[in-house]
Each structure stands twice: as C-alpha cells, then as structure tokens.
Protein chains: 2
Amino acid sequence: MTEPNVERKLVEIMRIISESDKPVGARLIADEMHNRGYAIGERAVRYHLRILDERGFTKKHGYIGRTITERGKKELSDALISDRLGFIITKIEELIYRADYDLDTGKGNVIVNISYIDKDDYENAADIIRYAMSHGASISPKVGILEEETDEYDIYVPEGKVAMATVCSITFDGLLLKNGIPTLPAYGGLMQMEDNKPEGFIDLISYSGTSIDPIKIFLRRKSTSILQAIDTGNGKMLANIREIPASAASKAEIMMEHAKKNDICGHICIGDPGMDVLYAPVERGKIGIPIMAGINSVAAVEEAGILIETHPVSTVMEYRKMELL
Amino acid sequence: MTEPNVERKLVEIMRIISESDKPVGARLIADEMHNRGYAIGERAVRYHLRILDERGFTKKHGYIGRTITERGKKELSDALISDRLGFIITKIEELIYRADYDLDTGKGNVIVNISYIDKDDYENAADIIRYAMSHGASISPKVGILEEETDEYDIYVPEGKVAMATVCSITFDGLLLKNGIPTLPAYGGLMQMEDNKPEGFIDLISYSGTSIDPIKIFLRRKSTSILQAIDTGNGKMLANIREIPASAASKAEIMMEHAKKNDICGHICIGDPGMDVLYAPVERGKIGIPIMAGINSVAAVEEAGILIETHPVSTVMEYRKMELL
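One structure accompanies this document, and this report is about it. Everything numeric in this text was worked out from a predicted model, so none of it was measured. (Residues numbered from 1 in each chain as written. Chains lettered and ligands numbered in written order. Predicted model: local features only at pLDDT ≥ 70, side-chain atom pairs only at ≥ 80, totals over all residues. Heavy atoms only, no water.)

### Considerations on the sheet that holds strand E8 (residues 235-245) of chain B
All names here are of chain B. Pairing in this open sheet of four strands is antiparallel, and the strands run E7-E6-E8-E9 from one edge to the other. Looking at which strands have only one partner, the edges of the open sheet turn out to be strand E7 (197-206) and strand E9 (286-292). Neighbouring strand axes in the sheet, compared pairwise and without regard to direction, differ in orientation by 35 degrees on average. Alignment of strand E6 (residues 184-194) against E7, held across eight bridges, turns out to be antiparallel. Each residue of the ladder has a partner; that of glutamine 192, found in E7, is glycine 200. The strands that helix H7 (residues 171-178) touches are E6, E8 and E9; relative to E8, the one it contacts most, it runs at about 15 degrees. (Pairing = 2+ DSSP bridges. Helix = DSSP H or I, 4+ residues; strand = E, 2+ residues; numbered from the N terminus. Axes fitted to C-alpha atoms, helices over the stretch in contact; angles between N-to-C directions. Contact = heavy atoms within 4.5 Å.)

Spelled out as structure tokens, the structure:
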C-alpha cells in the first residue's frame with residue numbers, strides 16, 4: 001500500500017486509460033490529469049504507470065501507450081468512488097502542517113494557490129494582478145512563476161500555459177500553529193466591501209464537511225466584484241475566517257503584526273470571545289480572525305474576461321524563492 | 001418590528017430602488033426580486049412599499065415609482081449585510097416543521113423545489129421531466145404547476161414563465177419528524193450511479209454552516225449527468241443523506257415503506273449504526289439514510305439544453321393539490 005495521494009492518482013490514471021478506446025501515452029495522461037485538477041508531471045505519470053503495470057492493471061503496447069486490463073477494470077470500479085471522496089479540511093490540515101515559514105529567519109514554506117494562464121494572456125493578467133495587489137487585494141505581493149515542462153513542486157504546467165503561485169490566506173494558520181496557537185479555517189465566504197472596508201460576510205460555506213473548497217465554489221459561481229470594489233470602494237471580495245482560543249488573542253496579534261513586516265498581511269481584525277465577527281458565527285471561548293483571501297488578485301483577472309484557472313490552497317512553496325510580480 | 005422574512009424583503013426592495021437612477025415601480029421591483037431569489041408577487045411588493053414609505057425610507061413619485069430617501073440609504077447600509085446572511089439549515093428546519101403531510105389521511109403539506117421555465121419551453125421540459133420521473137429520478141411523480149400572475153403559496157411567477165413544484169427529498173425529514181424521529185439532513189452530494197444503482201457519493205457538502213444550498217451549488221456547477229445515468233446506467237445524480245438515532249431504524253423503515261405506497265419514494269437504504277453509508281460519514285450512535293434528490297428530474301431538463309431556474313427546498317405545498325405530470 002503506497003501513500004493515499006499516490007493511490008488516488010493511480011485510480012485517476014486508470015480511469016483516463018479506461019475512458020479511451022485506444023492506447024494512451026504518458027503525455028496525454030499528464031494533460032488530462034491536469035484538467036482533472038491533479039498536479040502531476042509527465043515524469044511522475046510514467047512512475048505511476050510502472051506501478052499499474054506491475055499490479056497487472058495496465059498493459060504497455062510499445063511506444064504507443066497503455067490500455068487497461070480486465071483486472072484493472074475491476075479494480076477501477078471498486079476503488080474509484082471511495083478514493084475520490086475526501087474532505088477538503090483534511091488536505092488543508094496537511095498543508096498547514098507543511099507550512100513551516102519562520103518569520104524570524106525568513107526561511108520555510110508558505111501555502112499557495114496555483115493559477116494557470118495562457119502564455120498569450122500572461123502580460124495582461126500580470127498587469128491586473130499587480131493592480132489588484134497594489135490595492136490590497138492579496139496576502140503578499142510576492143508570486144511564484146512556473147513555466148511549462150517544470151516538474152518543480154510537483155506542479156505540472158501544460159504546454160502553452162504559465163502557472164502562477166500566490167500566497168494563500170491559510171498561510172496564517174500555518175504561522176499561528178508554528179507559534180503554538182491551535183487553529184483551523186472555519187468558513188470561506190463572500191465579503192461585502194463598503195468604502196474600501198470589509199463590511200461583513202454575505203455568504204459563508206463551512207470548511208468542514210465539504211469535499212469542494214468553499215473558495216472554489218465562490219470562484220465558480222463568479223460571485224466576486226473585486227475590480228468594482230477596488231474602483232468604487234464597494235463590491236464583493238473573497239475572505240475566510242478561523243477560530244483560535246480566546247486566551248491566545250494577544251499572542252496572535254503580535255504574530256500578525258510581525259507577519260506584516262514580512263510582507264504577509266491581509267488580516268482584517270481579531271474578534272471578541274464568542275462573538276460574531278463580520279456576521280460570521282464564532283464558538284464560545286474562541287475568537288474569530290477573518291482574513292482576506294490571497295486569491296482575490298487572480299479572481300480579478302477572470303472578472304476582466306481573461307481565462308484563468310485557479311486551484312485554491314494547492315501546495316506549499318519556499319517563500320524566499322517567490323518574487324515581486 | 002415585523003417578522004424576519006418581511007424585514008429581509010424590505011431591505012432587498014430598498015436595495016433595488018437604491019440601485020436605480022430613476023424611480024422604480026412595483027412591477028419592475030417584483031421582477032427583480034424574483035431574479036434575486038425572493039418569492040414575492042406584485043401585490044406583496046406594494047404592501048412592502050407602503051411600509052417603507054411609512055418609515056420614511058422611500059418616497060412615492062405619483063405613478064412613476066419610488067426613490068430611496070437619505071434616511072433609507074443609511075438604513076440600507078446598516079441593515080443590508082446582517083440581513084442577507086442566513087444559514088440554509090435554518091430555512092430547512094422551518095420547512096421540515098411546516099411539512100405536515102399525513103401518510104394515513106393523505107392530507108397536509110410536502111416540501112417542494114420550485115423551477116421556472118419559459119412558457120415556450122414548457123412542453124419539451126415536461127417531456128424530459130416525465131421521462132426522468134418514469135426512470136426513478138424523482139421522489140414523487142406528482143407536480144404542482146403555477147401559471148404567471150398567481151400569488152398562491154407566496155410564489156411569484158414572472159410574465160412568460162411557468163413555475164413547477166416538484167417534491168423535495170427533505171419531505172422525508174418532515175415525515176420522520178411527524179413520526180417522532182429526530183432528523184436533519186447532513187450532506188447534499190453528487191452520487192455516482194453504476195448499473196442503474198447508487199454506487200457512492202463522490203462529492204459532499206454539509207448542510208450545516210452554509211448560506212448556499214448544497215444542491216444549488218451542484219446544480220450551478222453543472223455536475224450532474226442524469227440523462228446519461230438513465231440511458232446507460234452510469235452517471236452522476238444528486239442525493240442527500242440524513243442521520244437519525246440508531247434505535248429508530250425499524251420505525252423509520254416501516255414509515256418509508258408506508259410512504260412508498262403514497263407515491264413518495266427515493267430512499268436508497270438505511271445504514272448501520274455509526275457506519276459510513278455510500279462513503280458518507282455517519283456519527284456514532286446514528287444511522288445514515290441517503291435519499292435521491294427530487295430535483296434530479298428537473299436537473300435533467302437543464303442537461304438537455306433548456307433554460308430552467310431551480311430553487312431547491314423552496315416552500316411547502318398541499319400534496320393533494322399536486323397532480324401527475
């Protein structure tokens with residue numbers, strides 16, 4: 001038994017092969033895996049294919065590709081469903097654990113969203129992101145740019161695309177945890193901005209008990225009006241909120257001020273114990289910390305009519321390697 | 001202070017008036033309220049406008065319509081946000097309480113979804129719904145048809161549209177409650193159908209802690225392949241799952257068999273205590289009851305390329321007044 005993520009990829013690769021009526025090669029599989037939201041490069045696909053061959057689930061036909069075996073078909077139908085359903089909070093908890101950025105040394109990983117843009121649209125998209133970032137619609141002004149064919153960070157960039165990593169607000173949960181403060185994001189939501197200030201959440205989706213990222217749901221619904229919020233002061237942006245023990249309030253506040261000096265900002269306020277924050281409910285004995293979503297700057301690109309595909313809370317990246325856009 | 005629902009509508013009406021640069025009449029407001037998901041007729045809009053006038057929030061300009069006053073603008077900005085954020089489970093609990101259908105007497109209300117269809121598309125849509133229903137993609141073969149200008153059930157049907165009420169799976173929660181079994185829907189989800197049988201949930205969104213109905217999220221994502229599931233046996237349909245005390249299992253089973261005789265069916269199985277059902281997690285001491293969504297039949301219409309706008313878990317309707325399509 002390999003690690004769960006590998007198993008999930010194995011199943012999805014089998015599914016892709018089984019859906020084709022002719023043999024499929026690694027390149028095509030890598031493209032299709034990317035379409036389905038899996039970050040995996042061609043080289044990694046080959047590695048997975050060898051495992052499948054060994055298990056007798058796929059068969060290699062020289063250089064033209066693989067087909068699925070009868071045994072593979074059976075395995076697929078058994079494994080497929082149980083393997084696809086995973087709650088998003090499990091993935092987020094893992095990334096929070098892996099985010100080890102140290103505010104003092106400047107070393108370590110932050111959590112990033114990954115957006116894919118057509119190469120031809122890249123300059124226009126970058127202009128909009130810069131514009132949005134300079135108006136506070138992000139967590140950090142730094143981004144990671146990944147060109148096609150890279151296999152770095154286990155992020156696969158398809159031909160003709162550029163991938164951009166932006167710092168995700170869940171990075172704050174990593175920082176809180178690293179400072180000994182237990183935390184988990186509670187809700188992702190749509191924030192009404194008025195006079196350039198967050199006025200309150202108008203929609204909320206809980207992070208626990210959903211297999212689809214709340215922020216992804218809002219992105220897909222095209223619920224935001226970020227450019228309008230920047231231009232007129234009034235509009236809808238994405239934000240989320242986490243709960244921490246009330247007794248950790250001052251430690252959290254000091255930590256977040258410290259983060260600001262490291263270019264990691266975006267937190268809105270710290271709530272009072274057990275009290276709603278910007279209309280989001282908070283449990284007794286806890287305080288709520290709402291933070292604007294790092295993804296707002298890239299969501300603005302989509303509002304401008306440029307095709308951009310974004311995976312929130314995607315992976316971790318060394319903050320030192322990220323650069324000003 | 002009037003009841004919360006009225007307050008919510010008052011705020012939304014003020015918002016519509018404030019967004020226009022000229023006076024707005026009741027008809028236009030009713031249309032726009034409908035677009036925003038509020039079930040309210042023109043007559044009811046006039047009633048609300050009189051309240052707003054009395055409070056000094058709007059001003060009437062003869063027959064051409066209303067404008068918002070300065071006092072209204074202030075009220076709007078204060079009230080707007082807190083008023084819009086409501087968790088969907090609160091609305092569902094209220095409808096479960098109002099669903100008083102009695103399996104013995106055949107009297108009382110069931111919970112319905114409301115779909116709006118263009119009059120010109122109605123016959124084609126009805127054909128598809130009948131086809132889907134005859135293949136089990138619904139809770140009940142009965143529907144309620146509402147023509148434009150009706151004010152029945154507080155459902156507003158805009159000009160040129162027909163509204164269709166289909167029985168919602170949450171009706172089962174009403175039946176369970178009426179039989180003394182505590183219940184609440186836990187998750188809405190996407191169900192993988194294989195060989196015409198539910199194989200397992202592949203996505204789940206919790207009903208608690210979201211302001212957007214999970215089923216509405218899946219509808220908007222166009223995640224279903226209901227027609228394909230009917231035609232080939234394999235596809236994706238909508239379903240949900242509720243938890244009841246494990247000790248109520250046999251009582252629930254008898255009740256659901258009874259419901260089947262009343263043309264109300266769609267439940268898939270009854271789980272074992274504390275065990276996952278079709279990959280959906282179930283709390284210790286509880287059992288999970290997954291039920292196919294009543295909305296599948298109307299979601300199939302959208303798959304066929306016909307414009308249909310559906311509000312899941314919308315209101316209650318007397319089951320006796322509903323008819324075979």
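### Some points on the relation of the copies chain B and chain A
When chain B is fitted to chain A, the residual RMSD is 0.2 Å, and the transformation amounts to a turn of 180 degrees plus an axial shift of 0.0 Å. Here the copies are linked by what is in effect a two-fold axis. The overlap is high: 100% of the interface residues of chain B also sit at the interface in chain A, so the same surface is used on both sides. (Least-squares fit on C-alpha atoms with pLDDT ≥ 70 in both.)

### As for the pairing of E8(B)
Residue and element names in this part refer to chain B. Across the eleven residues that make up E8, a large majority, nine, are buried. Relative to E8, E6 runs antiparallel, the two sharing nine bridges. Its bridge partner being in E8, tyrosine 187 is matched across the sheet by isoleucine 241. (Buried < 20%, exposed > 50% of the residue type's maximum accessible area, 1.4 Å probe, protein only.)

### Observations concerning the packing of helix H2 (residues 26-35) of chain A against helix H3 (residues 42-54) of chain A
Residues and elements named next belong to chain A. One can describe the packing of H2 onto H3 by two numbers: an axis separation of 9 Å at closest approach and a directional angle of 110 degrees. The pairing of H2 with H3 is recorded here as roughly perpendicular in orientation. In this structure, H2 contributes Ala26, Arg27, Ile29 and Ala30 to the contact, and H3 contributes Glu42, Val45, Arg46 and Leu49. Taken together, the residues of the contact of H2 with H3 sort by class into five nonpolar, no polar and three charged. (Parallel < 35°, antiparallel > 145°, perpendicular 65-115°, else oblique. Nonpolar A, V, L, I, M, F, W, Y, C, P; charged D, E, K, R; others polar.)

### With respect to the interface of chain B and chain A
Listed per partner, the contact involves 32 residues of chain B and 32 residues of chain A. In total, about 2800 Å² of surface goes out of reach between chain B and chain A, with carbon and sulfur atoms giving 59% of it. Applying the counting criterion to the chain B and chain A interface returns zero salt bridges. In this structure, the connection of chain B to chain A is made through seven residue pairs in polar contact (both at pLDDT 80 or more). Only helix H4 (70-84), E6, E7 and helix H8 (214-220) of chain B provide two or more residues apiece to the side of chain B that touches chain A. Top contributing element to the side of chain B that touches chain A by residue count: E7(B), with eight residues. (Buried area = accessible area lost by both parts, 1.4 Å probe. Salt bridge = Lys/Arg side-chain N within 4 Å of Asp/Glu carboxyl O. Polar contact = N/O pair within 3.5 Å; in protein donor to acceptor, adjacent residues only side chain to side chain.)

So yeah, pure geometry; function would need other evidence.
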